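A structural walkthrough
Residues per chain are reported as follows:
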Amino acid sequence: MTDNTKYNPQAIEPKWQEQWEQDKLYRAKVDWNKPKHYALTMLPYPSGDLHIGHWFAMTPSDARARYMRMRGFNVLFPMGFDAFGLPAENAAVQRNIHPKKWTLANIERMRKQMRSMGAMFDWEREMVSCDPDYYKWTEWFFKQFYQAGLAYRSEALVNWSPTLQTVLANEQVIDGKDERTGQPVIQKMMTQWFFRYTRYTDEMLNFDNVDWPEPIRIMQTNWIGRSEGARVVFKTEQGDPLEVYTTRPDTLWGATFMVLAPEHPLVEKVTTKEQRKAVDAYKEQAARQTEIERSAEGREKTGVFTGGYAINPVTNTRIPIWIADYVMITYGTGAIMAVPSGDQRDFDFARKFGLEIIPVVQPEGEKFDGKTMEVAYDGAGIMINSGPLNGMISNGQKGRKNPAVDAAITYLEERGIGKESVNYRLRDWLISRQRYWGSPIPMVEKQDGTFEPVPDDQLPVLLPDDVDFLPTGQSPLKLHEGFQNTVDSEGKPAKRETDTMDTFMCSSWYWYRYLSPHFQQGPFDPEEAAYWLPVDVYTGGAEHATMHLLYARWFAKAMRDLGMFEEAMDIMKAHGRDTDSMLWGEPMLKLRNQGQVLGEERDGHFIVASGTWQAAKLFADKVDVIDPANAPAKRSKLVVGEIIKRTENLLTVDIGNDETRTVEVVPDAVITIPGIEGPCRADQLKHHLEIQRMSKSKGNVVNPDEWVGRYGADSVRAYLMFGFDWQKGGPWDSKGIQGVVRWVNDVWDIVTGYQPPASGDAEAERNLERRVHQTIRRVSEGLENFSFNTSIAGLMGFRNDLKDVMKASNVGAAAWGEAIKTMLKMMAPFTPHMAEELWAQQGHSYSVHQQSWPEFDADKAAEDTVTLVIQINGKVRDRVSVAADIGEEEARTTAMERETVQKALNGGTAKKVIYVPARNGQEPKVNVVV
RNA sequence: GCCGAUGUGGCGCAAUUGGCUGACGCGAUCGACUCAAAAUCGAUUGGGUGCAAACCCUUGUGGGUUCGAGUCCCACCAUCGGCACCA
């Protein structure tokens, strides 16, 4: 027989989940009479199993959404799946499962797991990005952008495996080799589809209308990387114009050579016969490196002279043209003028290859000489060796604010050899992927090589299911005749585009689809959009700072400019709502990022192994796991220490003093592990786990289902919110969860197992009321600020107060009941099932989640007395309890009269007495400076 | 390499605008209950000196600003996230 009076989450949680679903408690419907709140949390990729990281991201977001709902908002909190992507294709190649089957099975599984969270997701709004109903509109967006001139075709570098004849993702390339086969990978130019991401650079630099974390804004700002300077046209000796971008046109007179990216189109033409071989070899070598490797500033400069020359347009001198991998084809014009005296990279390059260095900016009091300079100088100074600019000030500032830059630009523009220019680090968005499992690009290539979009009534272009996966990873669409062969608008044979879209494209508009996932006339229903948009708060990982979150903003701006929100805005206006937030083109008004839950640290088994030695390796036929305290003193021929790594039967053992030994456990070895009966297997030996990201291969993955099974979803939710700084994350601690388990059980026992007296002591009741309101303040503030841990700490503190009250038994039933009622409402966002169960048991009307949030009353929270903190020279030396409404004069007098202060003054007078008034619940302070 | 963040007891963390460092927990130690263990309950718990009162030290390191610094400034160290085809 089970004890019905004990907290039993396994019975309560499924019961309420079912009830809520039946009652459509979380169905979010448009209601113009209520203020709306669109709470969005990043949708998961269906990798297979719901991870503790998903819980960490989603359940606190859910708690906050629930809080907003109790605050009176009509809350939309949807969920879906970002279902296209590489892992599904890898599964197909490696395990012969169709990506669709694999993905849909994973989604099914994760949906079930997600229900156990007890989150208020409105499942009727679910979207799945690999569903044709969804990607029809992803394709439609592509087409809209194409027709508006926001999509175009151009060349870009890709990771190309010559052996596999396929394109690889960055994550598939390790140290310039394919991670699967170890075959070399090169950088190759291919024609691909792009979005004019750079169209909105300046607008995306503006964050005036959003509440986003400062670090994210800084990262996006740097990612966009606006710089002011000039474009200058040099000429090669053959007469070809060679344009460069520079932020320092004032230093043009010091440009003693040029450097082109190895991929630059003019390289071919300027290279002389003598240099051809060296140039080709260098190009090949550069193609083997990624951009990150190439841009590492500290590394030795490499490069090759092309044999060609250009003319410096201001000095008319002949300067050599080199190629070097520190110049990127993707930035600026892919060519630079090198001013070694002013740029450290150019300086290093010049020194290495014996190129001329001409100082052009010289700080006052210095005398630079190109032959003796030791480092480049990029600070402020006076112009020298610069013809018309000589004697001018270069003040170190960017753009026209710098007089020398200003004069240089004017000079260039007057002569038509250059012009002022703003450059961005941001590149256009390459959306083509040479993969199968993605949204098709709805374009066909006509016989003449031009492209035209697929007509709307033929959307979506469906991904064919009958495809073959080659072990090379080549896109099956390339081999699928039936998919490729089609006709153009004139009925002539044409070829379908076989590239698919970047999955970031799918995730750049999903929150619009949630509004009306089954809407047929467009990507979203304007009626729904008018009410719910924009997203009020978006939660997710900070790792999306520069990509997803920037794409999302681009989409919103492009959609606005293509008039996609016009209808919704008309409806908004009709309801008297301001449309400014739509005109900003900002998809999410508030953004907050959570950190990551890392794996738990675990000690490895401490072992004594014996056997035979062979080439510094012990082949052990006996391994005993022991307590380190009992380690044998004599260790010759033995290996004694903690297992830090185990691969199959191969152990790496830490024997102390930073030394390790390798032990191979022979097949029939005798292994004993305390607590495990009989002979053990080598794979039962545990190795040390460090705190690091969870991954299957490291064996440190925390499975939420297991913990839900043990303690219930409410405890797992509460622990994730209590045990971490949400914005920071941290290692999982399987012991730490005990704290919330005890709390939840305590609350259960307090609410169900105590009979208060009919009437109580007035002062005790006043004290309880005070604590109730102090708790309301703490819990509310925590939820507002995403400091879930302090909210729960407040509730735990309140639990402690209630236990004290129970012991004293001096609070009457009415006051007690009121306190319990308020507490249950406050617990509802964190432990929704238990709060609902206890709410029902207390006889209150269903549902606790439809109650309004308790109102905070500052008067009721106020203390009668406070501690006056007395400092001497800033150090706390004394405390005294005083009335809470103590004034400044009285506080000063009280402090000065204290013995501690008198002693410190030692008959003298204080130099200064500083009074710090009480504010925001802090104590007043007096600091006496002796 | 570049961009961004973080660093406080044995551990997770808290500290609102520059104003009592360590709330709330985990763990640990001692005690109660128990034949015993678990659970639960009570007490202690940053380090040091001291019988005690009390005093000194302590927020990654080194400087600085201030009556007062975990918080602001400068330099450095360590760790984590991102770097455009992972999502």
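All of the points below concern the structure found in this document. Only a predicted model underlies this, so the values are computations on that prediction, with no experimental measurement involved. (Residues numbered from 1 in each chain as written. Chains lettered and ligands numbered in written order. Predicted model: local features only at pLDDT ≥ 70, side-chain atom pairs only at ≥ 80, totals over all residues. Heavy atoms only, no water.)

1. Some details on the protein's contact with RNA strand B
Taken together, 71 residues form the shell around RNA strand B, and within it Gln-434, Gly-723, Arg-742, Lys-925 and Asn-927 come nearest. Contacts to RNA strand B include Asp-82, whose side-chain N or O atom sits 2.6 Å from a sugar or linking oxygen. One nitrogen or oxygen atom from the side chain of Arg-435 is found 2.8 Å from a base oxygen belonging to RNA strand B. Here the surface near RNA strand B takes 8 residues from helix α24 (residues 788-808), the largest share from any one element. (Near = heavy atom within 4 Å. Polar contact = N/O pair within 3.5 Å; in protein donor to acceptor, adjacent residues only side chain to side chain. Helix = DSSP H or I, 4+ residues; strand = E, 2+ residues; numbered from the N terminus.)

2. Let's talk about the pairing of strand β10 (residues 257-260)
Along any regular strand, the residues point their side chains to alternate faces of the sheet. Alternating positions in β10 separate into two faces, Phe-257 and Val-259 on one and Met-258 and Leu-260 on the other, with burial throughout. Two strands pair when backbone bridges link them, and β10 and strand β13 (residues 335-338) are joined in this way by 4 bridges, in the antiparallel orientation. Residue pairing across strands places Met-258 opposite Met-337, the latter belonging to β13. Two elements, β10 and strand β12 (residues 318-323), share 3 bridges in a ladder whose sense is parallel. Note on β12: the bridge partner recorded for Met-258 is Ile-321. (Buried < 20%, exposed > 50% of the residue type's maximum accessible area, 1.4 Å probe, protein only. Pairing = 2+ DSSP bridges.)

3. Looking at the nonpolar core
Across soluble globular proteins, you tend to see nonpolar side chains buried next to one another. Counting 171 residues, the largest nonpolar core has Trp-554 and Trp-732 as the members making the most contacts within it. With sequence-adjacent residues up to four places away left out, Trp-554 is seen in contact with Phe-145, Leu-150, Phe-195, Arg-196, Tyr-197, Tyr-200, Met-204 and Trp-429. One finds Leu-252, Phe-347, Val-360 and Ala-404 within the second-largest nonpolar core, a separate group that totals 52 residues. (Core = buried A, V, L, I, M, F, W, Y, C linked by side-chain atoms within 4.5 Å. Contact = heavy atoms within 4.5 Å.)

4. Describing the packing of aromatic side chains
By the definition in use, this model includes 60 aromatic pairs. Here Trp-511 and Tyr-538 contribute two aromatic rings whose centre-to-centre distance is 6.4 Å and whose plane-to-plane angle is 45 degrees, an arrangement assigned as tilted. Taken together, the positions of Trp-511 in helix α15 (residues 510-513) and Tyr-538 in strand β25 (residues 535-541) put the pair 27 residues apart, joining distant regions of the chain. This pair shows no difference in class: Trp-511 is buried, exactly as Tyr-538 is. Looking at Arg-66, its charged tip hangs above the ring of Trp-20, at a distance of 5.5 Å from the centre. (Phe/Tyr/Trp six-rings, centres within 6.5 Å; stacked < 30°, edge-to-face > 60°. Lys NZ or Arg CZ within 6 Å of the ring centre and 35° of its normal.)

5. Some details on the sheet that holds strand β18 (residues 429-430)
Across the sheet, 4 strands lie side by side as β4-β3-β7-β18; this open sheet has antiparallel pairing. Each edge of the open sheet carries a strand with a single partner, namely β4 (166-168) and β18. Lying on the sheet, helix α5 (residues 132-147) is in contact with β3 (151-161) and β7 (186-195); it crosses β7 at an angle near 85 degrees. (Axes fitted to C-alpha atoms, helices over the stretch in contact; angles between N-to-C directions.)

6. What to know about the sheet that holds strand β34 (residues 865-872)
The strand order across the open sheet formed by 4 strands is β35-β34-β37-β36, and the pairing between neighbours is mixed. Strands with a single pairing partner mark the edges of an open sheet, and in this sheet they are β35 (875-883) and β36 (912-916). For this sheet, the mean inter-axis angle between neighbouring strands, taken without regard to orientation, is 20 degrees. Here β34 pairs with strand β37 (residues 925-929) via 4 bridges, running parallel. Across the sheet, the residue bridging to Ile-872 is Val-928, located in β37. Lying on the sheet, helix α28 (residues 888-897) is in contact with β34, β35, β36 and β37; it crosses β36 at an angle near 130 degrees.

7. So, the packing of helix α21 (residues 713-722) against α24
Two elements in contact, α21 and α24, have axes separated by 7 Å at closest approach and are oriented at 115 degrees. The pairing of α21 with α24 is recorded here as roughly perpendicular in orientation. Contacts between α21 and α24 involve Ala-718, Met-721 and Phe-722 from the former and Phe-788, Asn-789, Ile-792, Ala-793 and Met-796 from the latter. The class makeup of the residues in the contact of α21 with α24 is 7 nonpolar, 1 polar and no charged. (Parallel < 35°, antiparallel > 145°, perpendicular 65-115°, else oblique. Nonpolar A, V, L, I, M, F, W, Y, C, P; charged D, E, K, R; others polar.)

8. Focus: unusual backbone geometry
Only a minority of non-glycine residues have a phi that is not negative, and only a minority of peptide bonds are not trans. Of the consecutive residues Leu-533 and Pro-534, the connecting peptide bond is found in the cis state with omega at -10 degrees. Tracing the backbone shows Pro-534 in the loop between α16 (526-532) and β25. Even without being a glycine, Asn-385 presents a positive backbone phi close to 50 degrees. Accessibility expressed as a relative area gives 43% for Asn-385, which makes it partly exposed.

9. Observations regarding helix α20 (residues 704-711)
Looking at α20, one finds that the buried residues are Pro-704, Trp-707, Val-708 and Tyr-711. The buried residues of α20 occupy one face: seen down the axis, they fall within an arc of 105 degrees. Downstream of α20 by one or two residues, Gly-712 has phi in the positive range, about 95 degrees. (Arc of directions from axis to C-beta.)

10. A look at a negative patch on the surface
A cluster of acidic side chains, namely Glu-527, Glu-566, Glu-567 and Asp-570, defines a negative patch on the protein surface. The element best represented in the negative patch is helix α18 (residues 566-574), accounting for 3 residues. Note on Glu-567: relative accessible area 53%, which makes it exposed. (Patch = residues over 30% accessible without salt bridge, like charges linked within 9 Å, V, L, I, M, F, W, Y side chains within 5 Å. Areas by Shrake-Rupley, 256 points an atom, 1.4 Å probe, with all protein chains shown as cover. Salt bridge = Lys/Arg side-chain N within 4 Å of Asp/Glu carboxyl O. Lys, Arg positive; Asp, Glu negative; His and termini not counted. Charge placed at Lys NZ, Arg CZ, Asp CG, Glu CD.)

11. Quick look at the packing of helix α22 (residues 737-752) against α24
As a packed pair, α22 and α24 sit with axes 10 Å apart at the nearest point and diverge in direction by 45 degrees. Here α22 lies oblique to α24, going by the angle between them. Judged by the sense of rotation from one axis to the other, the crossing of α22 with α24 is left-handed. Contacts between α22 and α24 involve Gly-739, Val-740, Arg-742, Trp-743, Asp-746 and Ile-750 from the first element and Ile-792, Leu-795, Met-796, Arg-799, Leu-802, Lys-803 and Met-806 from the second. Considering only residue class, the contact of α22 with α24 consists of 8 nonpolar, 1 polar and 4 charged. (Left-handed = near helix turned anticlockwise from the far one by under 90°.)

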